[in-house]
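# Examining the three-dimensional arrangement
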Amino acid sequence: SVLRSAAAAMAADPEWADPLRREEFSVVVRRAALDAHSSRPWAARVAERIGVRLAPAETVSILLATRRPEQLAFALRQVAKQQVPGGAELVLAAHGFAPDPGVVRDHLGDRPVTVLTPGADTLFGAVLAQATAAAAGEVVVKFDDDDWYGADVVADLLRARRYSGATLVGMPAEFVYLE
C-alpha cells in the first residue's frame with residue numbers, strides 16, 4: 001500500500017527518525033499544498049483564464065503594544081521578518097514612552113507604521129483598543145514584545161483563516177525557552 005511505501009522510505013532515511021525534522025518537512029508540505037491547491041489559488045487561476053480580476057487578498061495590521069523601550073528593537077525585528085503577501089502595516093503602541101522614529105525606520109524600512117503613545121497610566125486593554133481602532137488592515141494580528149516569531153507566523157495564520165473560514169485563528173507555542 002501507499003502508506004507502507006511511505007513508511008518504508010521514511011525508515012530508510014535516518015533524518016526521518018528525528019521528530020523535529022519530520023515536523024519541519026510536514027509544515028513545508030502543508031504550506032506548499034495550501035499555497036498551490038486551496039480555493040484562493042484555484043480561483044486566481046480560473047479568474048486569470050477567463051479574464052476576471054480576483055478581489056485582492058486581505059490587508060493585515062500587526063499590533064505591537066509595549067511599555068518596555070528596551071524591548072522595542074527586538075520586537076521590531078520580529079515584525080520586520082514577517083513574510084506577508086502584500087505586506088503588513090505595524091501599529092506600534094508605545095505605552096508610556098515615545099519611541100525614536102529613527103529606530104523604528106531602521107528596523108522596518110518603508111513598511112507602513114502608525115505610532116501611538118498612550119500614557120503610562122492607560123490600562124492595557126484600552127491601549128489594545130486604541131491600537132485596534134488605528135489599524136487599517138482587515139485582519140489584525142497581535143504581537144508581544146518579548147516573543148520570538150518565525151518569519152511565516154502571520155502568513156500561516158492567514159492560511160489557517162482562509163482554509164478554515166474562521167473569524168479568529170491562533171497557534172500554540174511550539175518551543176518555550178526558560179532561562
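A short tour of the structure in this document, coming up. (Residues numbered from 1 in each chain as written. Predicted model: local features only at pLDDT ≥ 70, side-chain atom pairs only at ≥ 80, totals over all residues. Heavy atoms only, no water.)

### Points about the sheet that holds strand E1 (residues 60-66)
By definition, the strands of a sheet pair up through backbone hydrogen bonds, in either a parallel or an antiparallel sense. What counts here: The pairing criterion for strands is at least two bridges between them, as found by DSSP. Only DSSP runs of H or I with at least four residues qualify as helices, and only runs of E with at least two residues qualify as strands; both kinds are numbered from the N terminus onward. Here an angle of 0 to 180 degrees is reported between the N-to-C directions of two axes, which are lines fitted to C-alpha atoms, with helices fitted over the stretch in contact. Contacts are assigned to residue pairs with any non-hydrogen atoms lying within 4.5 Å of each other.
Read from one edge of the open sheet, 4 strands run E3-E2-E1-E4, paired in parallel fashion. This sheet does not close on itself; its edge strands, each paired only once, are strand E3 (113-116) and strand E4 (139-143). The mean angle between the axes of side-by-side strands here comes to 20 degrees, regardless of whether they run parallel or antiparallel. Alignment of strand E2 (residues 89-94) against E3, held across 4 bridges, turns out to be parallel. Paired with Leu90 across the strands is Val113, a residue of E3. Of the strands in this sheet, E1, E2 and E4 touch helix H4 (residues 72-80), which is tilted by about 165 degrees from E1.

### Observations regarding the packing of aromatic side chains
Stated formally: Note on ring pairs: Phe, Tyr and Trp rings are taken, using the six-membered ring of Trp, and paired if centres are within 6.5 Å. Classes follow the plane angle, with under 30 degrees stacked, over 60 edge-to-face and the rest tilted. With a 1.4 Å probe rolled over the protein chains alone, any residue whose accessible area is under 20% of its type maximum counts as buried; one over 50% counts as exposed, and the rest are partly exposed.
Counting across every chain of the model gives 2 aromatic pairs. Relative to Tyr149, the ring of Phe143 has its centre 3.9 Å away and its plane inclined at 15 degrees; by these criteria the two rings are stacked. The same class applies to Phe143 and to Tyr149, which are both buried.

### Describing helix H7 (residues 153-164)
Note the threshold: Every helix has an expected span of 1.5 Å times one less than the residues it contains.
With 12 residues, H7 ought to run about 16 Å at 1.5 Å a step, and its terminal C-alpha atoms sit 16 Å apart, in line with that. Listed in full, the buried residues belonging to H7 are Val153, Val154, Ala155, Asp156, Leu157, Leu158 and Arg159. Among the structural elements, helix H2 (19-37), E1 and E4 are those in contact with the buried residues of H7. Looking at the residues trailing H7, positive phi occurs at Gly165, about 75 degrees.

### Things to note about the nonpolar core
Condition: By convention a nonpolar core is built from buried Ala, Val, Leu, Ile, Met, Phe, Trp, Tyr and Cys residues, the set being connected through side-chain atoms within 4.5 Å.
By size, the foremost hydrophobic cluster in this structure holds 23 residues, and its most contacted members are Val60, Leu64, Leu90, Phe143 and Val154. Of all the secondary structure elements, the ones that give two or more residues to this core are E1, H4, E2, helix H5 (101-108), E4 and H7. Ignoring sequence-local partners within four residues, the contact set of Val154 consists of Val60, Ile62, Gln82, Val84, Val141 and Phe143. Listed in part, the 9 residues of the second largest apolar core include Leu63, Ala65, Val91 and Ala131.

### A few points about the pattern of salt bridges
This is how the line gets drawn: Salt bridge, as used here: a side-chain nitrogen of Lys or Arg that lies within 4 Å of a carboxyl oxygen of Asp or Glu.
In this structure the tally under the stated criterion is 10 salt bridges. With a shortest N-O distance of 2.8 Å, Arg159 and Asp35 are connected by a salt bridge. With Arg159 in helix H7 and Asp35 in helix H2, this pair connects stretches of sequence that are 124 residues apart. Note on Arg159: relative accessible area 14%, which makes it buried. For Glu58, the salt bridge identified is with Arg161, shortest N-O distance 3.0 Å. Here the residue Glu58 occupies a position in the loop between helix H3 (39-50) and E1, and Arg161 occupies one in helix H7, the gap between them amounting to 103 residues. Since its relative accessible area comes to 16%, Glu58 is described here as buried. Taking relative accessible area as the criterion, Arg161 reaches 28% and is therefore assigned partly exposed. A single salt-bridge network, built from bridges that share partners, covers Arg31, Asp35, Asp152, Asp156 and Arg159.

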